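Summary of structural features
What follows is the residue order along each chain.
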Amino acid sequence: MSSILIVNGSPHANGCTAAALEEMTGVFQAEGMETHLLHVGNKSIRGCISCGTCGKRGKCVFSDDPVNEAADLFEKADGLVVGSPVYYGSPNRNLISFLDRPFYSTSFSKHMKVGAAVVSCRRGGNTASFDVLNKYFTISGMPVASSTYWNQVHGFTAADVKKDLEGLQTMRNLARNMAFLIRAIADAKEKYGLQTVERKFFTSFQDGKQ
Ligand SMILES: Cc1cc2nc3c(=O)[nH]c(=O)nc-3n(C[C@H](O)[C@H](O)[C@H](O)COP(=O)(O)O)c2cc1C
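To keep things clear, this report deals only with the structure shown in the data block. (Residues numbered from 1 in each chain as written. Predicted model: local features only at pLDDT ≥ 70, side-chain atom pairs only at ≥ 80, totals over all residues. Heavy atoms only, no water.)

Remarks on the overall build of the protein
The helix and strand inventory of the protein stands at seven helices and six strands. For 210 residues, the compact-globule estimate of 2.2 N^0.38 gives 17 Å, and the protein sits close to it at 17 Å. A principal-axis box enclosing the C-alpha atoms of the protein has dimensions of 55 × 40 × 35 Å. Counting over 210 residues, the protein shows a buried share of 45%. Counting every atom, the protein has about 11,600 Å² of accessible surface; 52% of that belongs to carbon and sulfur. Computing the positive centroid from 23 side-chain charges and the negative centroid from 19, the protein places the two 4 Å apart. (Helix = DSSP H or I, 4+ residues; strand = E, 2+ residues; numbered from the N terminus. Rg over C-alpha atoms; globule rule 2.2 N^0.38 Å. Buried < 20%, exposed > 50% of the residue type's maximum accessible area, 1.4 Å probe, protein only. Areas by Shrake-Rupley, 256 points an atom, 1.4 Å probe, with all protein chains shown as cover. Lys, Arg positive; Asp, Glu negative; His and termini not counted. Charge placed at Lys NZ, Arg CZ, Asp CG, Glu CD.)

What follows is the structure, given as structure tokens:
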């Protein structure tokens, strides 16, 4: 059975972002996909301190928050949905701290796991936040699922989001597209195998040479 890890960056387990993610979860369940929901917005999650220990251990040096546990779930998952409220035109800090660490610290391949970002705002800052979240996927070889509009809902409370009928429709279409992509990629892996990924070069111009 295909599985999808869903991460809610909001501190509100029943807030606006949760309402959007629940709409998607209903579709995943109807499509016979397993979901695992993690709430990270109400946890104390520190940012990456760039210590480099993960380069040797293959996981983050800190284990006092849900990052390493989430990394294990991410490794097993076929897809990752990240949802965030918009804070001053960006995804909220908890979610950013949370995403930086498993994406940076783990060595397992994220290649061809499907990603989808969802943002919730009252008025604005949604597309800038959406862009930030999508970059985790596109730097990792993860195909990005899309929908019939940018993946956003509007509201200050979950009740507001329930009235955002187009936003909820966007979530359902996003979940259907994501389920389709996950199945299509599984079939393609069987038929063609995974393509080669080159990782020979890591150019940072420290010495002025290639
Ligand atoms: C610190 C903070 C900053 C916010 N900044 C914005 C913003 O820039 N734009 C906006 O439209 N809403 C902003 N909001 C409102 C929330 O993003 C919005 O109500 C969101 O839907 C709440 O989602 P949640 O219930 O899942 O937490 C902000 C809220 C907080 C607490």
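Section: helix α3 (residues 67-76)
For α3, the full list of buried residues reads Val67, Asn68, Ala70, Ala71 and Phe74. Projection of α3 onto a plane perpendicular to its axis shows the buried side chains occupying an angular sector of 155°, all on one side. (Arc of directions from axis to C-beta.)

What to know about unusual backbone geometry
One non-glycine residue, tyrosine 88, adopts positive backbone phi at about 50°. Phi is positive for methionine 112, which is not a glycine, with a value near 75°. Structurally, methionine 112 is set in the loop between α4 (93-105) and β5 (114-121).

Structural notes on the pattern of salt bridges
Following the criterion strictly, the structure yields four salt bridges and no others. Between arginine 101 and aspartate 65 there is a salt bridge, with its nearest N and O atoms 2.8 Å apart. One end of the pair, arginine 101, is in helix α4; the other, aspartate 65, is in the loop between α2 (54-57) and α3, and 36 residues separate them in sequence. When sorted by exposure, arginine 101 lands in the same class as aspartate 65, which is buried. (Salt bridge = Lys/Arg side-chain N within 4 Å of Asp/Glu carboxyl O.)

Digging into the packing of α3 against α4
One way to put it is that α3 packs onto α4 with a least axis distance of 10 Å and a crossing angle of 60°. As far as their axial angle goes, α4 and α3 are oblique. Here α3 and α4 pass one another in a crossing that is right-handed. Across the interface between the two elements, Val67, Ala70, Ala71 and Phe74 of α3 pack against Phe98, Arg101, Pro102 and Phe103 of α4. Its residues assigned to classes, the contact of α3 with α4 comprises seven nonpolar, no polar and one charged. (Axes fitted to C-alpha atoms, helices over the stretch in contact; angles between N-to-C directions. Parallel < 35°, antiparallel > 145°, perpendicular 65-115°, else oblique. Left-handed = near helix turned anticlockwise from the far one by under 90°. Contact = heavy atoms within 4.5 Å. Nonpolar A, V, L, I, M, F, W, Y, C, P; charged D, E, K, R; others polar.)

Concerning the packing of aromatic side chains
Under the criterion given, the structure shown has four aromatic pairs. Taking 5.3 Å as the distance between ring centres and 55° as the angle between the ring planes, the aromatic pair formed by phenylalanine 103 and tyrosine 136 counts as tilted. Residue phenylalanine 103 is found in helix α4, and its partner tyrosine 136 is found in helix α5 (residues 126-138); the two are separated by 33 residues along the sequence. Phenylalanine 103 gets classed as buried once you look at its relative accessible area, which sits at 15%. For the ring pair tyrosine 149 and tryptophan 150, a centre distance of 5.4 Å and an interplane angle of 75° mean the geometry is edge-to-face. (Phe/Tyr/Trp six-rings, centres within 6.5 Å; stacked < 30°, edge-to-face > 60°.)

Side note on the site of the ligand
Taken together, the neighbourhood of the ligand is formed by 17 residues, with Ser10, Thr17, Val86, Ser120 and Arg123 sitting nearest. Here an oxygen atom of the ligand sits 3.0 Å away from a polar atom, N or O, in the main chain of arginine 122. At a separation of 2.6 Å, an oxygen atom of the ligand approaches a polar backbone atom of arginine 123. Considered on its own, the ligand offers 650 Å² of accessible surface; in the complex 77% of this is hidden by protein. Using a 2 Å cut-off from the grid points, one finds that the ligand occupies the second largest pocket. Elements supplying a minimum of two residues to the shell around the ligand: α1 (16-30), β3 (79-87) and β5. (Near = heavy atom within 4 Å. Polar contact = N/O pair within 3.5 Å; in protein donor to acceptor, adjacent residues only side chain to side chain. 1 Å grid on protein atoms, 1.4 Å probe; cavity = no way out; pocket = protein on both sides within 12 Å on 5 of 7 lines; lining within 4 Å. Sits in = over half its atoms within 2 Å of the grid points.)

Details of the side chain of asparagine 94
Examined against the element boundaries, asparagine 94 turns out to sit in helix α4. There is a polar contact of 2.7 Å between the side chain of asparagine 94 and the backbone oxygen of lysine 43. The residues contacting asparagine 94, other than those within four sequence positions of it, are Gly9, Val40, Gly41, Asn42, Lys43 and Ile45.

Let's talk about the environment of alanine 70
Locating alanine 70 in the fold gives a position in helix α3. Sequence-wise, alanine 70 and asparagine 94 are 24 residues apart; in three dimensions their C-alpha atoms are separated by 14 Å. Not counting residues within four places of it along the chain, the set of residues in contact with alanine 70 comprises Leu5, Leu38 and Phe98.

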